[in-house]
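Analysis of the macromolecular model
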Amino acid sequence: MDLLIYAILSVKNDSEKLNVLLAEMKGVAGADLAAVAFESTSVVVSNIQRADLAADRNTAIEYAAVIETLSQHFALLPVRFGSVMESKEAIISMLEKNHPDIQKNLINVENKYEFGIRIFCQPEILRAELRAKSEAMYKNLLPPATETKNSATWDWVNKKLREHRLEELLIAHVDSVITDITEQLDRLNAISKIKKMVTPTTIIDGVFLIDKVLKDELIHIAGDLQNKYHGLNFILTGPWPPYSFVDFTVK
Amino acid sequence: MYDNVIDQSKDITILELLDRVLNKGVILKGDIVISVADVDLVYLGVKLMLSSVETMEQLKSGNAILPINPGK
């Protein structure tokens, strides 16, 4: 029998609170939950046969539900689904070896929520708007005197130039949206990780960590940004446990 | 129409949740057991579903799917 690991918690002096909470919960496949403690941290586990760990969506959701409930009571570091260790001794050894990194990460996420933001565009509409803008900006550009207007060379160069200008405008537009968002988030002292142009339709895929008390303010900011950028589609998700803000490699 | 919006928002929430549970968090090296013949089937499924959401987004207009309109 192995141990399925859900999360690493900062329990401090609240081990009794954790035990009461775990007694009221069930893990994957209805298994009982238990805590393995080392100093002020605890790892929440349940018994599992490796061969019985189903790789399906419902099991992953059950697993996430445990982390979600625990995160409402304790600062924690979520562990990736499917992580198994063979014994309590192995877990304690892992906690001991990684104690400084675990503490540092737990302090970083204490009393904070993670939120995700994805910003989608309708590429053809956005490109048409930017194309019109680009052509307005460069409408007075004339072909070189040595070329005629109908030359194949000029047509090719002109087409490439237009494409290049459109890409430049698109990148500048995305950058301006990112700047706007980060300036707004800076007001909340948010820690953010933002990727741009993830796909042709997803122009921004970001996550950020904010104090729990600022949740409502964040929702207002996101709403204001959506109203400002009508051509873009904002999706804000959360609050999440801090899945995206675990910043260490287990030794 | 509202039911439609709510259902889609739930789908997105589940996809975001699965993306986090399967792809983020503390990694205990060598102990991830969710794979068959070196192919992570669950994660592969999530990536396909996320692609589907983006396709859906392309087909939608304006902010019909938005769950973030404070005060409205």
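As shown above, the structure is provided for reference.
Residues numbered from 1 in each chain as written. Chains lettered and ligands numbered in written order. Predicted model: local features only at pLDDT ≥ 70, side-chain atom pairs only at ≥ 80, totals over all residues. Heavy atoms only, no water.

1. Digging into the pairing of strand S7 (residues 191-196) of chain A
Each regular strand shows side chains that alternate between the opposite faces of the sheet. Residue and element names in this part refer to chain A. Threshold: In this description, strands pair whenever DSSP reports at least two bridges between them. Secondary structure elements are defined from DSSP: runs of H or I of at least 4 residues count as helices, runs of E of at least 2 residues count as strands, and each element is numbered from the N terminus.
Two strands pair when backbone bridges link them, and S7 and strand S8 (residues 202-211) are joined in this way by six bridges, in the antiparallel orientation. Residue pairing across strands places Lys196 opposite Ile204, the latter belonging to S8. Here S7 folds back onto S8, and the loop between the two strands holds five residues, one of which, Met197, carries a positive phi near 50°.

2. Describing the packing of helix H6 (residues 152-186) of chain A against helix H7 (residues 215-228) of chain A
Residue and element names in this part refer to chain A. Short version of the rule: Fitting a line to C-alpha atoms yields each axis, with helices limited to the stretch in contact; the angle taken between N-to-C directions then spans 0 to 180 degrees. Any angle that is under 35 degrees is reported as roughly parallel, and any over 145 degrees as roughly antiparallel; angles of 65 to 115 degrees are reported as roughly perpendicular and all others as oblique. Left-handed describes a crossing whose near helix is turned anticlockwise from the far helix through less than a right angle; right-handed describes the clockwise counterpart. Contact definition: two residues touch when any of their heavy atoms are within 4.5 Å. Think of it as three bins: nonpolar holds Ala, Val, Leu, Ile, Met, Phe, Trp, Tyr, Cys and Pro, charged holds Asp, Glu, Lys and Arg, and polar takes everything else, Gly as well.
Contact geometry for H6 and H7: axes closest at 11 Å, N-to-C directions at 155°. The angle between H6 and H7 falls in the class roughly antiparallel. Crossing handedness for the pair H6 and H7: right-handed. Across the interface between the two elements, Asp180, Ile181, Gln184 and Leu185 from H6 touch Leu218, Ile221, Leu225 and Lys228 from H7. When its residues are assigned to classes, the contact of H6 with H7 shows five nonpolar, one polar and two charged.

3. Regarding the pattern of salt bridges
Residues and elements named next belong to chain A. To keep it simple, the criterion reads: One speaks of a salt bridge when a side-chain nitrogen belonging to Lys or Arg is within 4 Å of a carboxyl oxygen belonging to Asp or Glu. The cut-offs for exposure are 20% and 50% of the maximum accessible area for each residue type, with area from a 1.4 Å probe on protein chains only; residues under the lower value are buried, those over the upper are exposed, and the others partly exposed.
Across all of its chains, the model carries twelve salt bridges over all chains by this definition. Asp205 serves as the salt-bridge partner of Arg118, at 3.5 Å between the closest nitrogen and oxygen. Of this pair, Arg118 sits in strand S6 (residues 112-121) while Asp205 is found in strand S8, placing the two residues 87 residues apart along the sequence. Classification of Asp205 as buried rests on a relative accessible area of 15%. Note that Lys159 is salt-bridged to Glu163, the shortest N-O span being 3.1 Å. Of this pair, Lys159 and Glu163 both sit in helix H6, four residues apart, which is roughly one turn of that helix. Exposure remark for Glu163: the relative accessible area of 37% places this residue in the partly exposed category.

4. Some thoughts on the environment of B:Ile27
Relative to the helices and strands, B:Ile27 resides in the loop between helix H1 (2-23) and helix H2 (41-59). Overall, B:Ile27 belongs to the partly exposed group, its relative accessible area being 36%. Those residues within four positions of B:Ile27 in sequence are excluded, and the remaining contacts are A:Arg80 and A:Val250.

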